[in-house]
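Given next are the chains, with one letter for each unit.
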Amino acid sequence: MSMTRQAFPYDLDQVRADFPILNQEHHAGTPLIYLDNAASSQKPLSVIETIDDYYRRYNANVHRGIHKLSEEATVAYEAARVKVRKFINAGSKREVIFTRGTTESINLVANSWGRANLKPGDVVLSTVMEHHSNIVPWQLLAAEKGFTLRYVPILSDGTLDMDTLRQELATQPVRLVTIMHMSNVLGTINPVAEIARLAHEHGALILVDGAQSVPHMPVDVQAIDADFLAFSGHKMVGPTGVGILYGKRDLLETMPPWMSGGDMISRVTLEGSTWNDLPYKFEAGTPNIAQAIGLGAAVDYLSRLGMKQVQAHEQILTEYMLERLAEVPGVTLYGPQNGANRGAVATFRFAEIHPHDLAQLLDAEGIAVRAGHHCAMPLHDYLGVGATARASVYLYNTPVEIDALIEGLYKAKKVFAG
Ligand code: C6P
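Residues numbered from 1 in each chain as written. Predicted model: local features only at pLDDT ≥ 70, side-chain atom pairs only at ≥ 80, totals over all residues. Heavy atoms only, no water.

### Brief notes about helix H12 (residues 355-364)
Because an α-helix packs 3.6 residues into every turn, residues spaced three or four apart end up facing the same way. Convention followed: The buried label goes to any residue with under 20% of its type's maximum accessible area, the exposed label to any with over 50%, and the partly exposed label to all in between, with areas taken from a 1.4 Å probe on protein chains only. Secondary structure follows DSSP: runs of H or I at least 4 residues long count as helices, runs of E at least 2 residues long count as strands, and numbering of each begins at the N terminus. The arc refers to the directions leading from the helix axis to the C-beta atoms.
Every buried residue belonging to H12 is among Pro 355, Leu 358, Ala 359 and Leu 362, and all of these are buried. Looking down the long axis of H12, one finds its buried residues gathered within 100° of arc, a one-sided arrangement. Of the residues trailing H12, Gly 366 is marked for its positive phi of about 90°.

Given below as structure tokens:
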């Protein structure tokens with residue numbers, strides 16, 4: 001099977017021209033085929049230039065200075081917050097907190113809401129497919145506060161075991177369901193709106209880890225009815241070092257600060273302090289100003305393309321990638337096999353070739369994939385594999401690049417056959 005570009009919802013050549021890194025050689029004479037987008041995406045010129053412009057023209061601290069530069073920086077920083085609010089359909093910009101990324105956002109919820117509310121006897125319900133950043137913060141807090149952390153298993157097709165989730169909610173004193181929207185390994189898309197409804201029915205809150213969903217599909221926090229949503233800028237054509245915690249305003253108002261210092265206070269005396277309004281209560285110290293403004297430009301870029309279009313593009317490409325991989329003798333694929341309603345990753349083992357060796361051989365062909373446990377060791381234990389290879393596509397990838405991946409696999413097999 002082969003595929004033409006006509007099937008795609010936008011002009012791929014035009015989109016690819018926006019990303020300078022895609023138009024370079026990886027090794028001499030080998031074009032770059034970047035299939036490691038779930039780890040971090042590439043950046044369009046508009047994002048790079050927005051950051052450059054900030055440093056060249058109006059670099060200054062925000063919320064502090066009365067001078068023109070500080071005012072300009074503050075306006076751009078707050079404008080980025082408004083763009084993100086609109087992008088995820090939050091009710092208010094006060095519900096949008098800048099963090100360093102998904103990991104920090106989840107740690108914020110654990111250390112603020114979790115530390116203030118969780119006690120022995122309570123249950124936090126997660127799943128076996130989570131990324132370490134949605135497991136370890138809860139493990140650390142459980143050891144300190146004495147609550148129980150339980151995990152919903154997956155079915156053999158890589159989807160979440162919803163019956164067990166329902167049963168856990170009905171029989172356990174669950175206070176929080178903390179769950180990924182889209183798996184970075186399996187590609188599974190969890191039905192988070194339905195899970196939110198179930199959680200709320202049983203008096204629990206829901207935290208959605210949107211690290212892999214927000215970059216790839218329309219995500220509407222009000223439609224999901226998420227209490228918290230965490231995601232990272234660098235996976236959605238934005239810069240590193242910035243991410244978002246969305247939280248419902250009522251909840252955020254009741255939560256104590258986590259990190260403390262400048263900007264998050266209302267008044268400080270030597271005897272004690274009071275806190276600034278939302279969202280600043282959770283943004284201690286000089287924030288990542290350039291990165292936040294860059295994230296605003298990333299949101300502009302994605303919005304111009306349209307998240308429905310991005311999702312449609314990836315769906316076609318993912319279906320093609322899964323089909324082509326399934327044709328290769330010796331490939332074992334993990335996760336739901338149907339490319340529709342599935343995230344843009346293909347995780348696999350190939351014959352007896354260790355994923356690290358495979359990634360190295362593919363790299364020599366100019367193809368960047370990830371190998372290892374993808375920060376999901378419990379899931380790999382559950383699947384009974386130590387490591388896997390993962391190809392992950394984004395809005396700029398092409399079917400020709402998938403064909404190159406398949407050719408790369410055949411070449412790798414030849415190398416290993418001696
Ligand atoms: N997954 C991957 O290669 P940070 O590092 O904070 O930006 O994102 C953490 C994170 C949280 N949840 C999910 C579902 C993720 O996929 C990630 C990051 C990368 O799969 C790097 S390990």
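### Side note on the pairing of strand S5 (residues 123-127)
Selection rule: DSSP-based pairing: two strands are paired if at least 2 bridges between them are found. Whether a crossover is right-handed depends on one test, that the path from the first strand over the helix to the second runs clockwise when the strands point away from the viewer.
Counting buried positions along S5 yields five of five residues, so the element is predominantly enclosed. Residues Val 123, Leu 125 and Thr 127 of S5 are buried on one face, and the alternating residues Val 124 and Ser 126, pointing to the opposite face, are buried as well. Judged from the five bridges that link them, S5 and strand S6 (residues 148-152) form a sheet pairing that is parallel. Along S6, the bridge assignment pairs Leu 125 with Arg 150. Following the backbone out of S5, through helix H5 (residues 136-145) and into the adjacent parallel S6, one traces a crossover that is right-handed. Two elements, S5 and strand S7 (residues 174-180), share three bridges in a ladder whose sense is parallel. Of the residues in S7, the one forming a bridge with Leu 125 is Val 177.

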